[in-house]
Amino acid sequence: MVEFLRYGVIGTGMMGCEHIRNLKEIDGCAVVAYADTHEPSRNSAKRLVTQATGYIDYREMLASEKLDVVVIATPNHTHKSVFDDVIKLDVHVLVEKPLGINVAECQSMIDIDKRHRKSGRVVWVGLEYRYMAPTRHLIDEVESGTCGEAKMIAIREHRFPFLKKVDDWNRFSKNTGGTLVEKCCHFFDVMTIIAKSRPVKVYASGAQDVNHLDEIYDGVRSDILDNAYVVVDFASGVRGMLDLSMFAEGSKNEQEICVVGSKAKIEAMMPESIVRIGGRENGRNGVVEISVSQSSEVVPGFHGGASYLEHLAMQNAIRLGLEASVTLEDGLLSVAVGQAAQLSIAENRIVAIDQILG
Ligand SMILES: NC(=O)c1ccc[n+]([C@@H]2O[C@H](COP(=O)([O-])OP(=O)(O)OC[C@H]3O[C@@H](n4cnc5c(N)ncnc54)[C@H](O)[C@@H]3O)[C@@H](O)[C@H]2O)c1
């Protein structure tokens, strides 16, 4: 049983620092080192963990520090190369979502993990939206049969535009994998969990209609989608739909998940933290509204407590010698649906997931 976990964090921008803040609140672990090529990001980490050692080159950190867990929170297009270095070591790994910017990268990461497989090693992908309290509650209700057989899963994300990032990496699809990979892998993961089936076919319509249209970097205009509808067919016949708008600041909820089954409809709303359940027999008057919040010990952070719970779950797996709950294969599948949706928009056609997975 590992008593104390020593963490190294690679990439200490917005999300790396979010991990550090969460880890500081958990007993039995400490961030002892961090690495970032960008001085202001290193300074942000330094303010949070004054005793930890900062590095410019993560390879130097990996060579110099005795670490138990490494968190990779660098831009999407760097995940694979950083992962390839980290996975060769005897450490547990949390790699941020999306696992890679496309299926080929994810498959190669799975292969290198297999080649360097170590017994008891936990490799976890940061698909943490499953840990948001209303989402978790909805998944539990579906699993316990409340809605009968789930048939339709609609997820709406209506939010603000992408934030500014270090060196503006998120303004270009070549760095992110495209909005439907970068942002929406979270939702394709949640959809797949609810459907309990494999996604097989994707049709999408989307564009860059409003945001970043006049942003030019080194002479090249930003090319990221800001709205889309994505329809996903699952092998079981379950249908999913994602409705994404990134110019919808005027929304009460940033995320709404709605599952309709043979017996009832279940909805989860974030950040209102409400779950509504309505059976078919009693109609509108029978709808029950449940207020769902994380317990008071959970650190809310940027994602409604999801990052904190993700770390607790990962540490539990490490200490008890369990498999990761969010696997590299989950990371691959969520990227595959996003990539299929991007391709569907680019080529105006239905895309089979098998074609994407090769
Ligand atoms: N789980 C979530 O909900 C969630 C939320 C936001 C971001 N993310 C993911 O986290 C990752 C980081 O996103 P962010 O928002 O923190 O971006 P960011 O730009 O704020 O931070 C990225 C940091 O990585 C550093 N970096 C780049 N290359 C590096 C290298 N080779 N070695 C060390 N440091 C390097 C940059 O200097 C920067 O400080 C992305 O993959 C993103 O998709 C996940």
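Predicted model only: the values in this text are computed from it and were never measured.

Draft legend 1. Expanded view of the site of the ligand. Taken together, 28 residues lie near the ligand, and Met15, Asp36, Ser41, Asn76 and Lys165 sit nearest. At 2.6 Å from an oxygen atom of the ligand is found a side-chain nitrogen or oxygen belonging to Lys165. At 2.8 Å, a side-chain N or O of Trp169 approaches an oxygen atom of the ligand. Contact with the protein chains hides 91% of the accessible area of the ligand, taken as 850 Å² for the molecule alone. Residue classes in the shell around the ligand are distributed as 11 nonpolar, 11 polar and six charged. Mapped onto the domain boundaries, the shell around the ligand takes at least three residues apiece from domain 1 (5-128 + 308-326) and domain 2 (129-294 + 333-357).

Draft legend 2. The arrangement of the side chain of Asp226 in detail. Topologically, Asp226 is positioned in the loop between β10 (220-221) and β11 (227-234). A polar side-chain atom of Asp226 sits 3.0 Å from the main-chain amide nitrogen of Asp209. Here the side chain of Asp226 touches Val210 through a polar contact of 2.7 Å, landing on its backbone nitrogen. Look past the residues within four positions of Asp226 in its chain and what remains in contact with it is Ala207, Gln208, Asp209, Val210, Asn211, Leu244, Ser245, Met246 and Phe247.

Draft legend 3. Local environment of the domain arrangement of the protein. Taken domain by domain, the protein comprises domain 1 (5-128 + 308-326) and domain 2 (129-294 + 333-357). Measuring from the centre of the C-alpha atoms in domain 1 to the corresponding centre in domain 2 gives 26 Å. Taken together, the 24 residues of domain 1 in the interface contact 23 residues of domain 2. Together, the buried faces of domain 1 and domain 2 total about 1900 Å²; carbon and sulfur atoms form 61% of this surface. Area buried by domain 1 at its contact with domain 2 is led by Val103, Leu127 and Glu128, which between them contribute 30% of it. Our count for the contact surface shared by domain 1 and domain 2 stands at one salt bridge. Across the pair Glu182 and Lys97 runs a salt bridge, and its minimum N-O distance is 3.5 Å.

What counts and how
Residues numbered from 1 in each chain as written. Predicted model: local features only at pLDDT ≥ 70, side-chain atom pairs only at ≥ 80, totals over all residues. Heavy atoms only, no water. Near = heavy atom within 4 Å. Polar contact = N/O pair within 3.5 Å; in protein donor to acceptor, adjacent residues only side chain to side chain. Areas by Shrake-Rupley, 256 points an atom, 1.4 Å probe, with all protein chains shown as cover. Nonpolar A, V, L, I, M, F, W, Y, C, P; charged D, E, K, R; others polar. Domains from an automatic or database assignment. Helix = DSSP H or I, 4+ residues; strand = E, 2+ residues; numbered from the N terminus. Contact = heavy atoms within 4.5 Å. Buried area = accessible area lost by both parts, 1.4 Å probe. Salt bridge = Lys/Arg side-chain N within 4 Å of Asp/Glu carboxyl O.

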